[in-house]
Amino acid sequence: MTAPRAAIILAAGLGTRMKSDLPKCLHQVGGRPMLEWSIDLARKTGAERVVTVYGRISPQIGELGEANKTLTALQDPPLGTGHAVQCAESAMAGFTGNAIVLYGDTPLITPQTVEKVFAALELGASIAVLGFTPEDAGAYGRLVVKDGLLDRIVEFKDASEEERAIGFVNSGVLAAPALLLFELLGEVTNDNANGEYYLTDVVGLARKRGLKAVAVEGDEAEVLGVNSRIDLAEAEASWQRRRREDAMREGVTLTAPETVFISHDTVIGRDVIIEPNVVFGPGVTVEDGAVIHAFSHLEGCVVRAGADIGPYARLRPGADIGPGARIGNFVEVKKSTFGPGAKANHLAYIGDADVGAKANIGAGTITCNYDGFGKHRTVIGEGAFIGSNSSLVAPVTIGNGAYTGSGGVVTDNVPDDALALGRAKQVNKDGWAPRFRAAMQKRKAER
Ligand code: UD1
Ligand code: MG
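From a predicted model like this one, the values you see are computed outputs, not experimental measurements. (Residues numbered from 1 in each chain as written. Chains lettered and ligands numbered in written order. Predicted model: local features only at pLDDT ≥ 70, side-chain atom pairs only at ≥ 80, totals over all residues. Heavy atoms only, no water.)

Participant: Hey, could you run me through the environment of Pro-77 in this one?
Facilitator: Its location among the elements puts Pro-77 in the loop between β5 (71-75) and α3 (81-87). Along the primary structure Pro-77 and Cys-87 are separated by 10 residues, whereas in three dimensions their C-alpha atoms are 10 Å apart. (Helix = DSSP H or I, 4+ residues; strand = E, 2+ residues; numbered from the N terminus.)

Printed below as a string of structure tokens:
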């Protein structure tokens, strides 16, 4: 039987290098705050208790932790990573399983990697640390390994020349039985170059007790910590790459994957084709076999099986495009449903509308849904035909199979199968043009 698991997420740091009014861990990757990636990671690896450690200057971090149903602990003032974990002790009261420490600014770590760290404890280690070997070991804490076991972690500032030459470094992820972790933290002092209580000191303390510590090797790309906007962009690029590859593995065709931007909750079905330069905001589902043509922007919408979107389409929240329906170029759809096979092929705004199956909406059609005070609905019946350049002034209902004449302003409901003409009647004046030209030429000559 594996021991119960818990996670402590450290997010009380200042994040000064972001140069931002927004706390660092609230900056987004894949359209989701970095802190939520860490919480999600903890849960995916079976943490039954999750504690978010936040600072006084970033109460929003605590609030987001609570919104995600984690326990929270305030660290005020921040005195180092070891102190941060200690601040979570009362939130961890009564928990006797294994605890893992994660950071709120490392959004790319996978559950498989965290699983390896917990597994090391389950195989008998008292402490397990996730290490990696970066191209440039920079100022990371160095992992001192002796006879295959982790002997201690030396922070860069405190390291000797010899220790600084070690290429295997600390990612920050560390796991131990919770009770042991807090016991060891009680012995940590701030007698070091930074004057901080280092979490990393628990490794040396455990070794002194004859306990076994191990380092698990991870991948540099996963443990990337975000400290600046440049790191943030790198994390985003890396996340997007991973997500696009997942989509392709699941049977989605991306013609130019590097130009498609996906959100954390995007759902894309099998045999969907996505052309270049498509952006998925949050809350999008695309069902099997749909095609999203180039330069389309989608958020908060559903594209049903076999529908055909774009190029240059904009689907806004609440758009629900039915099976086999078609939304063409420069068509914007908001809070509207399209029935099976319905079409709006060119240049239209369809907002707050229900469009029946197989209805055809001509180019230039606008639903006039807003009167400056409220939004009103337009209902277009099955098989209705909306002539080009129509203004449908909501609330209004166009019946099943009805037609509206091109250029019409439709203010009254249209019965089923009727033709609505909402435009001025055309008048032809025979022979008018030559008379006009002659008059104008004469006037010009007289000037
Ligand atoms: C830490 C590790 C180092 C490791 C590196 C990986 C220690 C002593 N050092 O160093 O070995 O190589 O991470 O990136 O642990 N935080 C708090 N409260 C604090 C201080 C930090 O919550 O008082 C949080 C920060 O918000 C951040 C994380 O802990 O999420 C790491 O803090 P940071 O100051 O970046 O540690 P490093 O110096 O990078
Ligand atoms: Mg750091």
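Further notes follow.
Participant: Where do I start with the pairing of strand β4 (residues 47-55) in this structure?
Facilitator: Consecutive side chains of a regular strand alternate in pointing toward one face of the sheet and then the other. Buried residues dominate β4, accounting for 7 of its 9 residues. As paired elements, strand β1 (residues 5-11) and β4 share 7 bridges and run parallel to each other. When the sheet's bridge partners are listed, Ile-8 is paired in β4 with Val-51. When β4 meets β5, the two strands line up parallel, connected through 5 bridges. (Buried < 20%, exposed > 50% of the residue type's maximum accessible area, 1.4 Å probe, protein only. Pairing = 2+ DSSP bridges.)

Participant: Looking at this structure, I do not really get the pairing of strand β23 (residues 326-334). What am I missing?
Facilitator: With 2 bridges joining them, strand β20 (residues 308-309) and β23 adopt parallel strand pairing. The residue of β23 that forms the bridge with Ile-309 is Ile-327. Relative to β23, strand β21 (residues 314-315) runs parallel, the two being bridged by 2 bridges. Paired with Leu-315 across the two strands is Val-333, which belongs to β23. Looking at chain direction, β23 and strand β25 (residues 343-351) are connected through 7 bridges and run parallel. If you follow Ile-327 over to β25, its bridge partner there is Ala-344.

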